[in-house]
Amino acid sequence: MKLLKILFFAQLLFFSSCSKSILIDDVTSPVESIDSIFRFIHISDTHRSTVTIDAVNEFCKQHPSDFVALTGDVVPNTNIIKSISNSSCDYLIIPGNHDADENDGLGQYRFRTEFLDIINHSVLYPERKVNYWYKDFEKLGKKLRVIGLDQFELNSFSNPLGIRALMTQTQISWFLTVLEDSSNVDGLVILIHMGFGNSAKGQRDTSVHNSFISELANLYNNSYDFYGPDDPYMIPEIINAYVTGENFEKIYNKGSRYEKKVSTHFENPHNNFIGFFGGHLHWDEVEYLSGFPSQLQSLVAFCGSGAGSKLNDLLKSDYSYNFNVVDIDLFSNVLMITRRGACRTISGNSRNFIKFPLFSE
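About the cut-offs
Residues numbered from 1 in each chain as written. Predicted model: local features only at pLDDT ≥ 70, side-chain atom pairs only at ≥ 80, totals over all residues. Heavy atoms only, no water. Salt bridge = Lys/Arg side-chain N within 4 Å of Asp/Glu carboxyl O. Helix = DSSP H or I, 4+ residues; strand = E, 2+ residues; numbered from the N terminus. Polar contact = N/O pair within 3.5 Å; in protein donor to acceptor, adjacent residues only side chain to side chain. Phe/Tyr/Trp six-rings, centres within 6.5 Å; stacked < 30°, edge-to-face > 60°. Buried < 20%, exposed > 50% of the residue type's maximum accessible area, 1.4 Å probe, protein only. Lys NZ or Arg CZ within 6 Å of the ring centre and 35° of its normal. Core = buried A, V, L, I, M, F, W, Y, C linked by side-chain atoms within 4.5 Å.

Caption draft 1: Geometry of the pattern of salt bridges. Applying the stated rule across the entire model yields 14 salt bridges. Close ionic contact of D66 with K139 constitutes a salt bridge, the shortest N to O distance being 3.0 Å. Of the two residues, D66 is situated in the loop between α2 (51-62) and β4 (67-71) and K139 in strand β6 (residues 133-139); the sequence distance between them amounts to 73 residues. Among the ionic pairs, R128 bridges to D117, the shortest N-O distance being 2.7 Å. Placement of the pair is R128 in the loop between α5 (107-113) and β6 and D117 in the loop between α5 and β6, with a sequence separation of 11 residues.

See the structure below:
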C-alpha cells in the first residue's frame, strides 16, 4: 500500500510538471492574464467526466479567462451540469456526434433544452431549438467574435443511419449571414467538433509536424476521417471566400436529400479569421489545412479514462486531464497556445507551448 501511494504521488508530480512556465523563442508561455489579450480555455470530449472541467474551473480561479470553449462530445450528466453551472467561467459549448446520438447523449433538441438552456451560456441563438450561435467579446477597442457551429443536426434529417455529420441549409445560410456581418470584428474564431481532414480527399498533409501534432499521426497516412460524409470542403471553402473575397456558387451533396446550396456574397477580402477549434480525434492536431494555408485548426486531445484512440501519444491515466490555454493578442497579431495538465508524450517530449502569426501578411 505504501509503495502504491509513492507511485501515485510520483505520477501526480510528473503530470503537474508540464504546468510550469517555459521559455520558447524569447516568449514566456502565458500564466498571468494580460489585459490586452483575449484568453480562452479549450477542452473537448469530456464524455460524462468532470475531471477536466473541474481542473479548468480551478485554473480559472487563479487565471481569469474570457471563456471556456467546450467543443463537443460532452455527453452531459448531472455532475457535468452542476460543475459548469457553479463555475466562475463562461462556458461556450457546441455538440459533438455523441451528443447528437439519442442513444448515447441527449440528442439534437434536448442538448439545447436540457443542457445549454440551463447553464450560463449567454450566446446569440437564431432560433429556439438550434445549437449554433455566436458571441462577441470586446477589450481595449478590439472585438473578438466566436461562432459555434453544430455539425450534427441529425434530427432535422430524421437521424439517417450511418450519417455522422450533417448541417442544414438553414444553418449554412445563417453562417453566411453572420460572416457577412463580421467585417467590423478584429478577430474571428470558429468552434467545431470534427476538424477538416478526410482520407478520400487527402486533406491532411502528413509531412507536416510540430510539437502540437501527435507523434503517431504520421503512422496513419490519411487513414482517419476528421470529418464525415457531409462534404469536408464546404466550411473551408466558405472561409476561403470570406478571406479572399473570391465568391463562389456550389451545390454540395448534389441530388441527395442532404443537398445544400452555397452562394457567397462577400464584398471585400477579410483579414480577421483566426482559426477553427475542435476535438473529436482524441489526439492533438494543430496545423494549417492542406489546400487552405491561411486556415489554422486546433484539435485538442482527450486524455482521460477510455481515451482509446490509437493515435493519442500522451502519457495518461484515469485521473489525468489536459486543456489548452489559448491567448489571442490582436495588438501584436500573435496566437499562443499553452498546454496544461498531461503534456508529456510517449517518447518523453513535452507539449508545452506553440505560437502562430494571427493573420497572413
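Caption draft 2: A look at the side chain of H280. Looking at where H280 falls in the secondary structure, it is placed in the loop between β11 (273-279) and β12 (285-289). Here the side chain of H280 touches H193 through a polar contact of 3.3 Å, side chain to side chain.

Caption draft 3: Seen up close, the packing of aromatic side chains. In the structure shown here, the tally under the stated rule is 13 aromatic pairs. Aromatic pair F111 and F115: ring centres 5.3 Å apart, planes at 65°, arrangement edge-to-face. Taken individually, F111 and F115 each receive the classification buried, so the pair is uniform in this respect. With a centroid separation of 4.9 Å and 50° between ring planes, the pair formed by Y132 and W174 is classed as tilted. Linking Y132 in the loop between α5 and β6 with W174 in helix α6 (residues 169-180), this pair joins segments that are 42 residues apart in sequence. The same class applies to Y132 as to W174, namely buried. Every member of this aromatic cluster is reached through a ring pair, and the members are F40, F67, F137 and F277. Lying across the ring of Y109, K129 places its NZ or CZ 5.5 Å from the centre. Geometry around F38 places K139 over its ring, the cationic atom sitting 5.1 Å from the centre.

Caption draft 4: Focus on the nonpolar core. By size, the foremost hydrophobic cluster in this structure holds 48 residues, and its most contacted members are I147, F175, I235 and I238. Mapped by element, the contributors of at least two residues to this core are α6, β8 (187-194), α7 (234-244), β11 and β13 (292-299). Ranked by residue count, the leading element in this core is α7, at seven residues. With 27 residues, the next largest nonpolar core counts L92, W133, F137 and V286 among its residues.

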